Amino acid sequence: MGYLGQPLARLEDARLTSGQGRFIDDLRPLPNLHHAAILRSPYAHARIRSIRCDQALALPGVRAVVTGADAARWLKPFPVGVKVAAPYYPIAVDKVRYAGEPVAVVVADSRYTAEDALASIVVEYEPLPVVVDPELALSPEAPRLHEGLDSNLVHQRTFSYGDAARAFTEADVVIRHRFTFPKVHATPLETYGVIAHYQSSEDTYTVWSNFHGPFTLHSVMAAALQVPGNRLRVLVPQDVGGSYGNKSGVYPYMVLMAVVSRLAKVPVKWVEDRQEHLLASSTGTDRVTWIEAGFRRDGTLTGLRMRYIDNVGAYLRAPEPACLYRMHAALTGPYRVRDVEVEALAVVTNKCPTGLIRGYGGPQHCFPLERVMQMAAQELGLDAAEVVRRNLIRACEFPYTTPSGGVYDSGDYEQALARALERIDYAGWRQRQAEARAAGRYLGIGLACVVEPSGSNMGYIALAQTPAERERGLPKSGCAEAASVTVDPTGSVCVRFSTVPTGQGHETVAAQVVADALGIAPAAVRVITGMDSWTQPWTVASGSYSSRFAPIGANAVYRAAHQVREKLLQMAAHALGVPADALELRGGYAQVREQPDRRVSLQRLAGMAHWHPAGLPAGMEPGVSATAFFNLPTAQAPAADDTVNGSVTYGFVADAVLVEVDPETGRVQVLDYVTVHDAGRLLNPLLAEGQIRGGLACGLGQALYEELVYDATGQLLTGSFMDYLCPTSAELPPVQLDHIESPSPLTPLGAKGLGEGNVMSAPAALANAVADALEPLHVVIDKLPLTPAAVWQAIQAAKQRQPVEERVG
């Protein structure tokens with residue numbers, strides 16, 4: 001039995017749990033390292049009239065003070081995927097557009113000195129009107145953030161697949177509603193960190209950071225610094241203290257510290273504090289969705305119309321507006337509807353800019369889609385589970401191509417839903433719910449079925465351009481990842497890849513893959529996870545995001561390991577005088593399968609490749625090493641009709657949740673939670689469980705607790721963990737996990753990602769459960785989070801809508 005598929009304990013945990021991890025703040029890579037502190041704007045919108053730095057520069061230990069005007073002389077605005085006259089620099093040049101935007105950077109011999117010197121900088125601001133609501137920002141009367149734009153609308157596209165007009169004409173019932181999804185944060189344990197060094201003799205920038213990709217942003221950074229890619233070296237330490245997408249957004253600070261190092265003429269280190277991180281790092285996108293869904297009387301979904309309004313904050317910064325398009329290939333979710341229309345808008349407001357957050361675009365999309373499925377069931381007098389089941393893609397229909405171009409590779413959605421309903425005792429709880437209602441208690445059951453894309457096709461981002469615009473540029477597609485496997489002269493095996501893990505367990509799974517390929521133990525495999533853009537192979541798609549390690553990164557390791565395997569077998573065949581296909585690798589030996597006593601050790605084979613190349617088979621190169629790039633041909637550029645296969649594999653999640661709501665306080669208590677995943681082949685069930693539980697915690701937080709709240713002046717009101725509430729282990733409910741396995745036919749390992757599904761499903765499932773509980777009170781649930789105050793207010797609003805005689809009776 002091989003190691004893959006086994007619940008092997010994480011190999012990296014010995015290092016991490018003993019305090020021997022190497023994170024960005026542990027690094028001291030250069031002598032004369034100075035420290036930076038950032039002065040941030042107290043205003044959400046203001047012109048910078050003047051900045052006086054003389055007092056700060058006079059303080060002992062202060063090396064330099066860099067302003068936006070200083071930095072702009074060496075920078076260009078960051079490129080983005082759409083043409084928009086709203087230049088974005090990593091520091092404000094003449095105007096601030098969100099509270100917390102960098103205004104000046106102090107460089108000093110210690111962080112204490114740098115922080116103290118900030119108080120000596122005098123900035124004269126001219127406050128300007130503020131807008132934080134994306135719908136209000138679209139008004140012609142709204143304050144305009146960028147002078148080069150006619151409005152705050154920075155992106156707009158429409159899409160049509162099938163015949164939505166006909167679908168709605170044929171519908172017996174049309175559900176129309178507006179939903180809002182909150183602006184949230186990822187809140188990783190470790191905040192941003194950057195060490196930057198400009199070397200004038202070579203005109204090169206070297207930047208250490210806890211950035212984890214996608215490395216398409218390397219070219220974005222190089223363009224902003226006005227250097228070729230080979231003059232920007234990006235290094236990532238062995239360990240990154242979590243991210244959940246958030247640390248891809250560190251790249252503006254990487255550029256900022258790089259130019260600060262150039263101007264200060266010393267290497268510079270900056271580590272963000274928690275308040276800075278909540279205020280001004282990168283956040284999830286708050287979205288307003290207007291959705292229409294047509295249904296026949298039997299519950300069949302006939303058509304969808306959606307209008308997304310994404311609040312991207314003060315600037316459209318890469319990879320935005322991709323949040324609008326991450327789920328584009330899966331617009332219809334797990335349902336068989338073929339007629340869809342979508343309008344996608346991105347709007348700038350005086351909030352912190354947005355970026356990648358776990359589930360990127362998924363929670364925003366699945367929340368309204370799953371809510372209308374339950375609302376339709378209620379309107380039609382049908383059971384919600386039956387409406388969902390009726391519309392699911394059938395197992396016999398895979399591979400299934402969605403109207404917008406997604407190619408769902410495998411799955412059995414009906415079986416997963418049935419398993420979830422069985423595990424939560426759906427029929428039994430429906431009976432108990434009726435009994436509870438008679439006793440004055442409000443129990444609710446919520447369902448959510450979501451498609452989980454993994455292994456993003458870089459081409460989906462190009463949907464932000466029209467077909468004509470794409471025609472003029474270089475086509476974009478692919479999902480490639482690289483890995484190297486090397487056997488040294490002693491027979492020791494090393495693996496190196498550029499997936500830049502942030503805590504997911506890549507080292508363990510890579511060791512399992514290589515161990516199975518080479519017939520050795522995982523503990524014998526050394527996995528090197530740090531990243532160096534100058535010394536190791538990588539692609540623009542490299543990095544840790546979009547749950548891509550299982551479908552892409554692990555398969556790159558697999559391919560490299562099997563190339564090494566084939567070379568070892570050829571060498572062993574030559575040494576033993578037998579055909580290579582008669583051999584197997586087992587227990588550190590290459591042995592004849594039918595005569596295991598005829599064998600040669602891997603150590604001896606490696607020694608031969610390094611020490612005795614003349615003894616190798618004719619034409620074979622010395623050494624034992626392979627570098628492989630893995631890509632899938634299904635990751636194509638968008639077609640002229642705006643269809644695109646946005647990811648290369650698609651998993652499925654079926655959630656069922658039971659809640660009780662106290663109508664007097666609005667408190668939601670989660671009584672039971674069942675989540676069933678179909679993520680293809682599970683490479684390591686123990687790690688899979690950890691990823692699922694972590695994703696569920698994120699989803700629960702967005703459903704019940706988390707929101708970055710701004711007042712009308714653009715000030716963040718939830719700028720600490722006293723106000724921005726995250727669930728802890730004490731708040732997590734009992735959870736039942738289950739799996740079915742429909743291996744992907746596209747990859748050697750058959751695995752799909754599973755770390756983001758519950759981030760997408762939990763907000764919708766919990767909202768459906770609360771709505772179900774409060775159905776007798778006619779409460780409308782259309783925004784998150786469902787805090788006690790928000791639920792109580794929704795109950796009061798429902799009471800106001802009801803006729804007086806109904807309230808009295």
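Residues numbered from 1 in each chain as written. Predicted model: local features only at pLDDT ≥ 70, side-chain atom pairs only at ≥ 80, totals over all residues. Heavy atoms only, no water.

**Things to note about the nonpolar core**
Within the largest apolar cluster, 185 residues are counted, with the highest numbers of intra-cluster contacts made by M257 and Y673. In this structure, this core is formed jointly by two domains, domain 1 (13-20 + 33-128 + 186-280) and domain 2 (286-459 + 637-799), each of which donates at least three residues. The next biggest cluster of nonpolar side chains, apart from the first, holds 58 residues, and it includes V509, V525, A550 and A626. (Core = buried A, V, L, I, M, F, W, Y, C linked by side-chain atoms within 4.5 Å. Buried < 20%, exposed > 50% of the residue type's maximum accessible area, 1.4 Å probe, protein only. Domains from an automatic or database assignment.)

**Here we look at the packing of aromatic side chains**
This model, assessed by the stated rule, comprises 18 aromatic pairs. A ring pair is formed by F497 and F549, whose centres lie 5.8 Å apart and whose planes are at 55 degrees; its orientation type is tilted. Placement of the pair is F497 in strand β20 (residues 493-497) and F549 in helix α16 (residues 549-576), with a sequence separation of 52 residues. Note on F549: relative accessible area 9%, which makes it buried. By way of ring pairs, the aromatic residues F78, Y88, Y98, Y251 and Y315 are connected into one cluster. Above the ring of F168, the side-chain terminus of R305 is found at 4.3 Å from the ring centroid. One residue, R432, lies across the ring of W429, its end atom 4.4 Å from the ring centre. (Phe/Tyr/Trp six-rings, centres within 6.5 Å; stacked < 30°, edge-to-face > 60°. Helix = DSSP H or I, 4+ residues; strand = E, 2+ residues; numbered from the N terminus. Lys NZ or Arg CZ within 6 Å of the ring centre and 35° of its normal.)

**Overview of the pattern of salt bridges**
Across all of its chains, the model carries 42 salt bridges by this definition. Linking D310 and R287 is a salt bridge whose minimum nitrogen-to-oxygen distance equals 2.5 Å. Linking D310 in strand β14 (residues 301-311) with R287 in strand β13 (residues 286-295), this pair joins segments that are 23 residues apart in sequence. Exposure class is identical for D310 and R287. Each is buried. It is possible to trace a salt-bridge network through shared partners that takes in D163, R166, E170, R296 and D339. (Salt bridge = Lys/Arg side-chain N within 4 Å of Asp/Glu carboxyl O.)

**Observations concerning the sheet that holds strand β28 (residues 668-678)**
Strand order across the open sheet formed by 4 strands is β18-β27-β28-β29, with mixed pairing between neighbours. With partners counted over all chains shown, the strands left at the sheet margins are β18 (442-456) and β29 (735-740), one partner each. Across the sheet, the mean angle from the axis of one strand to that of its neighbour is 15 degrees, orientation sign disregarded. The pairing of β18 with strand β27 (residues 647-661) spans 14 bridges and is classified as antiparallel. From the neighbouring strand, P453 faces β27, where its bridge partner is Y650. Here helix α12 (residues 413-424) sits on the sheet in contact with β18, β27, β28 and β29, set at roughly 20 degrees to β27. (Pairing = 2+ DSSP bridges. Axes fitted to C-alpha atoms, helices over the stretch in contact; angles between N-to-C directions. Contact = heavy atoms within 4.5 Å.)

**A look at the sheet that holds strand β25 (residues 595-601)**
Strand order in the open sheet made by the 3 strands is β23-β24-β25, with antiparallel pairing throughout. Edge strands, defined here as strands with exactly one partner in the open sheet, are β23 (583-586) and β25. Put simply, the sheet's adjacent strands are angled 35 degrees from each other on average, direction ignored.

**Notes on the side chain of R565**
Turning to its location among the elements, R565 is positioned in helix α16. Buried charge without a partner: R565 forms no salt bridge, and the closest opposite charge is E566, 4.3 Å away. Leave out the neighbours within four places in its chain, and R565 touches D516, A517, L518 and L585. (Lys, Arg positive; Asp, Glu negative; His and termini not counted.)

**Topic: the domain arrangement of the protein**
It is common to give the size of an interface as the accessible area lost on bringing the parts into contact. Domain parsing of the protein yields domain 1 (13-20 + 33-128 + 186-280), domain 2 (286-459 + 637-799) and domain 3 (481-630). Placing a centre on the C-alpha atoms of domain 2 and another on those of domain 3 gives a separation of 40 Å. The partner domain 3 presents 19 residues to the 22 residues of domain 2 that form the contact. The junction of domain 2 with domain 3 conceals about 1,500 Å² of combined surface from both sides, 65% of it contributed by carbon and sulfur atoms. The three residues of domain 2 that bury the most area against domain 3 are L683, P748 and L749, which together make up 29% of that side's buried surface. Taken together, domain 2 and domain 3 are joined by 0 salt bridges. Counting across the domain 2 and domain 3 interface gives 5 residue pairs in polar contact (both at pLDDT 80 or more). Contributing elements (two or more residues each) for the side of domain 2 that touches domain 3: β18, β27 and α18 (685-704). Per-element tally for the side of domain 2 that touches domain 3: the top contributor is β18, with 5 residues. Here the side of domain 2 that touches domain 3 is composed, by residue class, of 9 nonpolar, 9 polar and 4 charged. (Buried area = accessible area lost by both parts, 1.4 Å probe. Polar contact = N/O pair within 3.5 Å; in protein donor to acceptor, adjacent residues only side chain to side chain. Nonpolar A, V, L, I, M, F, W, Y, C, P; charged D, E, K, R; others polar.)

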